[in-house]
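One-letter residues, chain by chain:
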Amino acid sequence: LTNVFGGGNSAYVRSSNVGLAGITIDTIHGGGKNSGETISSNIALLMGNVTNVFGGGLDVGASYSHIFAGKEILGYTLTGATIGNIYGGNNSTALGDGGETGTSNIEILDATVANIYGGNYLKGTTRYANINIHGTATVTGDIYGGGYKSNIGKATVTENLDGTTTTTVTEAGTTKVNIAGGT
């Protein structure tokens, strides 16, 4: 499976819910495609493999996005997910503007992730990004409070893996966050 969209194809959606539970997908978008904002985007990455995850859509934003990566839900323990890149904001095409996401929330608990970006990919803006990493999460690459070559208003990254809490706040700019402790 190549692309999954929680929102519509050029259509407004009030709320989207997308779950990864044991298959391999190239790209998950919590929002829609091209136009038509998604008000609330919710993505649960429980087990399986995904290359890229976007809280927002493709060239269109979400007012609020929440991405959860873990292996325990409703009292059940699953195998956990393996994730390439997580972007709290939107994906963009060569012709689009990337769109705007209001608030992105990323929570990593008991999953393996290569790279985490609080904001968009290439274009557009994410106003507020919150990244929370805890439990037995493993990040093999880097964590950025902002987006990949895109603007961010304010980012907060909190890590608590070994009993020590590290919080980094970034105002108006894309900043790489160095985390001490955990894996």
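Everything below is about the structure printed above this text.
Residues numbered from 1 in each chain as written. Predicted model: local features only at pLDDT ≥ 70, side-chain atom pairs only at ≥ 80, totals over all residues. Heavy atoms only, no water.

### Quick word on the overall build of the protein chain
Thought 1: Along its length, the protein chain carries 0 helices and 15 strands.
Thought 2: Expressed as a percentage of contacts within the protein chain between residues at least 6 apart in sequence, the contacts between residues at least 24 apart total 71%.
Thought 3: Carbon and sulfur atoms provide 50% of the accessible area of the protein chain, an area that totals close to 7900 Å². (Helix = DSSP H or I, 4+ residues; strand = E, 2+ residues; numbered from the N terminus. Contact = heavy atoms within 4.5 Å. Areas by Shrake-Rupley, 256 points an atom, 1.4 Å probe, with all protein chains shown as cover.)

### Describing the side chain of Ser65
Thought 1: With respect to the element layout, Ser65 can be found in strand 4 (residues 62-69).
Thought 2: Polar contacts involving the side chain of Ser65 include one to the main-chain carbonyl oxygen of Gly88, which spans 2.8 Å.
Thought 3: Apart from residues no more than four positions distant in its own chain, Ser65 is found in contact with Ser41, Gly55, Gly56, Gly88, Thr101, Thr103, Ser104 and Asn105. (Polar contact = N/O pair within 3.5 Å; in protein donor to acceptor, adjacent residues only side chain to side chain.)

### Looking at unusual backbone geometry
Thought 1: Even without being a glycine, Asn34 presents a positive backbone phi close to 75°.
Thought 2: When you line up the elements, Asn34 lands in the loop between strand 2 (13-29) and strand 3 (38-54).
Thought 3: Positive phi values are uncommon outside glycine, yet Lys149 reaches one of about 55°.
Thought 4: Along the chain, Lys149 falls in the loop between strand 12 (143-144) and strand 13 (151-160).
Thought 5: According to the relative accessible area criterion, Lys149 is exposed, its value standing at 60%. (Buried < 20%, exposed > 50% of the residue type's maximum accessible area, 1.4 Å probe, protein only.)

Geometric descriptors of this kind do not, in isolation, establish any biological role.
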